[in-house]
Amino acid sequence: MALSMRFFLGCFNSLLGTIRAYASEVCREEYRALALSVVSTSRGIGLIIGPAIGGFFAQPVEKYPNLFAESSIFGRFPYLLPCLIISVYAVGSLVACKWLPETLHKHAEKANERADLHDISEHSSNDSGQKDNMVELEEKQIHKSNLLKNWPLMSTIIVYCVFSLQEMAYSEIFSLWAVSDKKYGGLSFSSQDVGEVLAISGLGLLLFQLLLYPPVERRLGPLMVTRLSAVISIPLLSCFPYIAMLSGVVLHLVINCAAILRNTLSPQSQRGAANAISITAMSVFKAFGPAGGGALFSWAQERQVASFLPGDQIVFFALNVVQFIGLLLTFKPFLAEPYHRE
């Protein structure tokens, strides 16, 4: 049942690509960057609220015995309450969509512009130079529409997919590692502790996207920011197995700082013209992330006394290998430079 529900959630999760495309269409050109940054900011807010809901409202009978009786439905289904809260929120979002303006007229306007461009190119046959320019411009538009043959775009999507695979595997492994017992190299955290760490790291991501990322991206460029993030993430992930040796307040302080850094160093949302292709490809890679991460973590538990990278060290080493591959792919000749218009 759990696998089936997770599968259906993924099948009907078309919101990310849709909202990015909608945000770029509903706003004028000068406000599109702001609109897309709001989409990324909303993800940061969700990373705060979502883990908090799961951490504080799961198993309510054990955490709040004065409010929830053992004989109630929440005692029989300990994870019903957070799911119910999320479902009610989703219904509210569905109702709010009624007041969103449609953008189909935008596509009609673009179609008319292309038709006008074609008419102009035909009626300017007396001016051969102008006609050649119009034909060249039209060919560029046709080439732009053929996204699968646009190697700069496709290479960017592939790089982003590799980083998404690593990010999804890390998300799966982190929760398993945090709740596992210390004798197996874990942190012995409760679900509430994990929710608090994820919520705090989500807050850090939100502040980073609002305050630090825009000026850094403007100064260094998105590609250089991605490379620096990958380079910093590798030694950071290598330190995670040794964090389990800490305890008390120091453990909570260090793991929260490390989680915030790891969250902010994940690939930022791309502003691509092919949201559907990028989200689909990214989803395929993300499908392997949880399965591969869970299998890798289970295998690591069986090799606690191995001579080479024992226990959880092999897990974070594998994450670093994927991160390093993604870093290599950000360089030429694989990652092609996009075409820049004069």
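Our subject is the structure listed above.
Residues numbered from 1 in each chain as written. Predicted model: local features only at pLDDT ≥ 70, side-chain atom pairs only at ≥ 80, totals over all residues. Heavy atoms only, no water.

## Examining unusual backbone geometry
Selection rule: The numbering of helices and of strands both runs from the N terminus, where a helix is a DSSP run of H or I of at least 4 residues and a strand a run of E of at least 2.
Despite not being glycine, Gln59 has its phi angle at roughly 50 degrees, a positive value. Turning to its location among the elements, Gln59 is positioned in the loop between α3 (32–57) and α4 (60–63). Unusually for a residue other than glycine, Ser188 sits at a positive phi of about 55 degrees. In this structure, Ser188 sits in the loop between α9 (151–179) and α10 (191–220).

## Looking at the nonpolar core
To keep things clear, this is the line we draw: Each nonpolar core is a collection of buried residues, namely Ala, Val, Leu, Ile, Met, Phe, Trp, Tyr and Cys, held together in the definition by side-chain atoms within 4.5 Å. When accessible area is computed with a 1.4 Å probe and restricted to protein chains, residues below 20% of their type maximum are described as buried, those above 50% as exposed, and intermediate ones as partly exposed.
Residues Trp177, Leu187, Phe189, Phe240 and Ile255 are the most contacted members of the largest nonpolar core, which totals 28 residues. Those elements that place two or more of their residues in this core are α9, α10, α11 (222–238), α12 (240–243), α13 (248–264), α14 (275–301) and α15 (313–329). Of the residues forming this core, the biggest block, six residues, is contributed by α9. By size, the runner-up hydrophobic cluster in this structure holds seven residues, among which are Val159, Ala230, Leu329 and Leu335.

## A few points about α13
This is how the line gets drawn: The span expected for a helix works out to 1.5 Å for each residue beyond the first.
For α13, built from 17 residues, the straight-helix expectation of 24 Å at 1.5 Å per residue is met to within 8% by its first-to-last C-alpha distance of 25 Å. Within α13, the full set of buried residues consists of Leu251, Ile255, Asn256, Ala258, Ala259, Arg262, Asn263 and Thr264.

## Points about the environment of Pro60
What counts is decided by this rule: Here, residues are in contact when the closest pair of their heavy atoms is within 4.5 Å.
Along the chain, the position of Pro60 falls in helix α4. Looking at Pro60, the relative accessible area reads 0%, which means it is buried. Between the C-alpha atoms of Pro60 and Leu80, which are 20 residues apart in sequence, the distance is 9.2 Å. When sequence neighbours within four positions are dropped, the list of residues in contact with Pro60 reads Pro65, Phe68, Phe74, Pro78 and Leu81.

## Remarks on the packing of α9 against α15
What counts here: For helices, the fitted axis covers only the stretch in contact; all axes are lines through C-alpha atoms, and the angles between them, taken along N-to-C directions, range from 0 to 180 degrees. Relative orientations are named as follows: roughly parallel for angles under 35 degrees, roughly antiparallel for angles over 145 degrees, roughly perpendicular for angles from 65 to 115 degrees, and oblique for any other angle. A crossing counts as left-handed when the near helix is turned anticlockwise from the far one by less than a right angle, and as right-handed when that turn is clockwise. Under the convention adopted here, Pro, Cys and the residues Ala, Val, Leu, Ile, Met, Phe, Trp and Tyr are nonpolar, Asp, Glu, Lys and Arg are charged, and Gly plus all remaining residues are polar.
The interhelical angle for the contact between α9 and α15, taken along N-to-C directions, is 165 degrees, at an axis separation of 9 Å. Taken as axis vectors, α9 and α15 run roughly antiparallel relative to one another. Every pair of crossing elements has a handedness; the one defined by α9 and α15 is left-handed. Across the interface between the two elements, Val159, Val162, Phe163, Leu165, Gln166, Ala169, Tyr170, Ile173 and Trp177 of α9 pack against Val315, Phe316, Leu319, Val322, Gln323, Gly326, Leu327 and Leu329 of α15. Looking at the contact of α9 with α15, its residues break down into 14 nonpolar, three polar and no charged.

Any functional reading would require information beyond the geometric quantities listed.
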